[in-house]
Amino acid sequence: MAFPRASQALSRFTVLDLTRVRSGPTCVRQLADWGADVIKIDAILEGGEEQMGGPRRGSDFQNLHRNKRAMSLNLKDPKGLDVFMRLAKKADVVVENFRPDVKSKLGIDYESVRKVNPRIVYGSISGFGQDGPYHKRPGFDQIAQGMGGLMSVTGAPGEGPMRVGIPVADLTAGLFCAMGILTALLEREVSGEGQWVQTSLLQAQIFMLDFQAARWLMEKDVAKQAGNNHPTSIPTGAFKTSDGYINIATAGGRIWERCAQTLGAPEFITDPNYATAPARSKNRDALNAAITKLTETKSTETWVNELNAAGVPCGPIYAIDQMFEDAQVKHLGIAQDVPNEDDRDIRLVAQPVTLSRTPSRMAARPPEFGEQTEEVLAEFGFGADEIATLRQAKVV
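J.: So what's going on with the pairing of strand β7 (residues 236–240)? Residues and values would help.
T.: Looking along a regular strand, one sees the side chains alternate between the two faces of the sheet. Where β7 meets strand β8 (residues 245–249), five bridges bridge the pair, whose relative direction is antiparallel. Within the sheet, the bridge partner assigned to alanine 238 lies in β8 and is asparagine 247. What sits between the antiparallel neighbours β7 and β8 is a turn of four residues.

What follows is the structure, given as structure tokens:
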């Protein structure tokens with residue numbers, strides 16, 4: 001039976017997945033979810049060494065590795081390297097997130113792979129870049145958040161640096177690498193040649209600072225922690241209700257006036273402390289306290305309905321379980337079940353992008369360790385006797 005594809009959009013491409021943990025699998029998930037033939041290469045480890053990425057049937061691993069096949073391979077064995085190069089000769093993409101020096105020691109670096117396949121698009125994610133003074137350092141998300149400036153602008157003023165609650169450097173580095181790979185594949189259709197796509201957690205994190213980074217580069221303004229306050233649009237932030245919290249976001253004088261009217265405080269509009277954007281910025285703490293006294297008098301649902309009806313952006317602040325119960329979230333269908341012959345309950349987060357003709361879907365559960373080894377090798381031209389020999393030698 002042919003392996004089910006998640007989409008037809010990238011079905012003509014074959015991807016060799018050497019990634020581990022999060023940033024690399026995030027990149028490859030984008031390719032798998034859009035229908036590429038992704039072959040996850042599971043490392044054969046020595047006794048006692050644990051696979052990276054958590055339990056294979058755990059929610060994190062399952063969410064990162066759906067829509068793929070898997071084969072096992074010992075890249076430290078010269079025969080395993082030969083197998084990999086035979087695969088790479090026919091593949092379109094290789095993705096890895098080893099430390100830069102590791103792949104060179106294994107002999108699977110870009111220059112080595114390019115010699116057997118000049119059309120290969122080779123994606124690399126590292127902590128700090130493929131060269132430079134820090135390139136051999138191990139890279140972790142929280143380290144990148146700190147070095148990339150994010151922790152200095154996250155959290156309440158005076159409470160010290162705070163990490164963001166998601167692994168944002170890992171995730172964005174993976175997404176940027178996927179974007180680079182797709183760009184390189186498009187360029188290959190013109191030039192006929194592959195290329196090396198590189199990104200790092202540090203680069204991704206700095207890019208995500210966006211306007212705050214630009215404010216320093218252009219205006220030498222160092223952004224500071226602002227808690228839930230928006231740096232320029234005031235009032236914008238989290239406000240307590242009688243049964244929880246809401247976000248209110250105002251941008252421009254008209255929305256501010258509608259907000260004050262709906263809150264039942266039209267006097268705010270003419271109060272010199274709040275009448276203009278500069279005044280609201282100067283007196284934001286007093287204004288936020290005054291608004292909170294009003295929002296505490298009604299429920300979250302009431303304020304969300306009343307403020308939105310008045311054209312004031314407002315929304316509840318959900319816990320994750322509440323978020324998945326929201327009517328709009330259900331309508332968007334971003335939580336999807338994964339079909340599987342074991343009738344296991346696998347429900348994962350779907351792609352946040354919709355294509356009208358070639359949509360993405362949950363086509364296949366994440367593979368077990370090396371599950372399709374023989375199948376993949378046969379497709380790449382390995383004979384039954386050759387596969388048996390490799391298996392006996394513990395190369396696969």
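J.: Can you break down the pairing of strand β3 (residues 69–73) residue by residue, with the values?
T.: Here β3 lies mainly inside the structure; five of its five residues are buried. The alternating pattern of β3 places Arg69, Met71 and Leu73 and Ala70 and Ser72 on opposite faces, both of which are buried. Sheet topology note: the strand β2 (residues 37–43)/β3 ladder contains five bridges and is parallel. Along β3, the bridge assignment pairs alanine 43 with leucine 73.

J.: Let's hear about the state of the cysteines: which residues, and what values?
T.: All told, the structure shown has zero disulfides when counted by the stated rule. Note on cysteine 259: no disulfide assigned, nearest cysteine sulfur contributed by cysteine 314 at a separation of 8.5 Å. Assessed through its relative accessible area of 13%, cysteine 314 is described here as buried.

J.: So what about the nonpolar core? Which residues, and what values?
T.: Judged by nonpolar contacts, the single largest core of 29 residues is most densely connected at Leu16, Leu73, Phe84 and Leu87. Within the residue set of this core, elements represented by two or more residues are β2, β3, α3 (78–90), α5 (110–116), α18 (373–379) and α19 (384–392). In terms of residues, this core owes the most to one element, α3, which gives five residues. Grouped together as the second largest cluster of nonpolar side chains are 25 residues, Trp34, Ala36, Val93 and Ala173 included.

J.: Summarise the sheet that holds β8; cite the residues concerned and give the values.
T.: Pairing is antiparallel across the open sheet formed by three strands, whose spatial order is β7-β8-β9. Each end of this open sheet is capped by a strand with a single partner; those strands are β7 and β9 (314–316). Sheet twist, expressed as the mean angle between neighbouring strand axes with direction ignored, is 25 degrees. Of the strand pairs in this sheet, β8 and β9 are connected by three bridges, and their pairing is antiparallel. Across the sheet, the residue bridging to isoleucine 248 is cysteine 314, located in β9. Across the sheet, helix α15 (residues 300–309) lies against β8 and β9, angled at about 160 degrees from β9, the strand it touches most.

J.: Outline the sheet that holds strand β4 (residues 93–96), supporting the account with residue identities and numerical values.
T.: Judged by pairing direction, the sheet is parallel, and its six strands sit side by side in the order β3-β2-β1-β4-β5-β6 without closing on themselves. Strands at the two margins of the open sheet, each flanked by one partner only, are β3 and β6 (196–200). The sheet shows a mean angle of 20 degrees between the axes of neighbouring strands, direction not considered. In terms of strand pairing, strand β5 (residues 121–126) meets β6 through five bridges, oriented parallel. Bridging from a neighbouring strand, serine 124 pairs with glutamine 198 of β6. Contacts from helix α1 (residues 23–33) reach β1 (14–17), β2, β4 and β5, with the element oriented near 155 degrees to β4.

J.: Would you mind going over the side chain of aspartate 326 in detail, with residue names and values included?
T.: One can find aspartate 326 in the loop between α16 (320–325) and α17 (327–332). Buried charged residue aspartate 326 carries no salt bridge. Nearest counter-charge: lysine 330, at 9.2 Å. A polar contact of 2.8 Å, which involves the side chain of aspartate 326, links it to the backbone nitrogen of glutamine 328.

J.: Tell me what's going on with the environment of phenylalanine 382, and back it up with residues and numbers.
T.: Note on placement: phenylalanine 382 falls in the loop between α18 and α19. Each C-alpha atom of the pair phenylalanine 382 and isoleucine 246 lies 60 Å from the other, and the pair is 136 residues apart in sequence.

J.: Kindly report on the packing of aromatic side chains, identifying the contributing residues and their values.
T.: Overall, the coordinates contain seven aromatic pairs when judged by the stated rule. A ring pair is formed by tyrosine 110 and tyrosine 122, whose centres lie 5.9 Å apart and whose planes are at 65 degrees; its orientation type is edge-to-face. One end of the pair, tyrosine 110, is in helix α5; the other, tyrosine 122, is in strand β5, with 12 residues separating them in the sequence. When its relative accessible area of 0% is taken as the criterion, tyrosine 122 is described as buried. Seen in terms of ring centroids, tryptophan 256 and phenylalanine 268 are 6.2 Å apart; in terms of plane orientation they differ by 5 degrees. Their pairing is stacked. Taken as a pair, tryptophan 256 in helix α11 (residues 253–263) and phenylalanine 268 in helix α12 (residues 267–270) lie far apart in primary sequence, 12 residues in all. Looking at tryptophan 256, the relative accessible area reads 1%, which means it is buried. In this structure, arginine 86 packs its charged tip against the face of phenylalanine 382, placed 3.6 Å from the ring centre.

Quick notes on the rules
Residues numbered from 1 in each chain as written. Predicted model: local features only at pLDDT ≥ 70, side-chain atom pairs only at ≥ 80, totals over all residues. Heavy atoms only, no water. Pairing = 2+ DSSP bridges. Helix = DSSP H or I, 4+ residues; strand = E, 2+ residues; numbered from the N terminus. Buried < 20%, exposed > 50% of the residue type's maximum accessible area, 1.4 Å probe, protein only. Disulfide = S-S within 2.5 Å. Core = buried A, V, L, I, M, F, W, Y, C linked by side-chain atoms within 4.5 Å. Axes fitted to C-alpha atoms, helices over the stretch in contact; angles between N-to-C directions. Contact = heavy atoms within 4.5 Å. Lys, Arg positive; Asp, Glu negative; His and termini not counted. Salt bridge = Lys/Arg side-chain N within 4 Å of Asp/Glu carboxyl O. Polar contact = N/O pair within 3.5 Å; in protein donor to acceptor, adjacent residues only side chain to side chain. Phe/Tyr/Trp six-rings, centres within 6.5 Å; stacked < 30°, edge-to-face > 60°. Lys NZ or Arg CZ within 6 Å of the ring centre and 35° of its normal.

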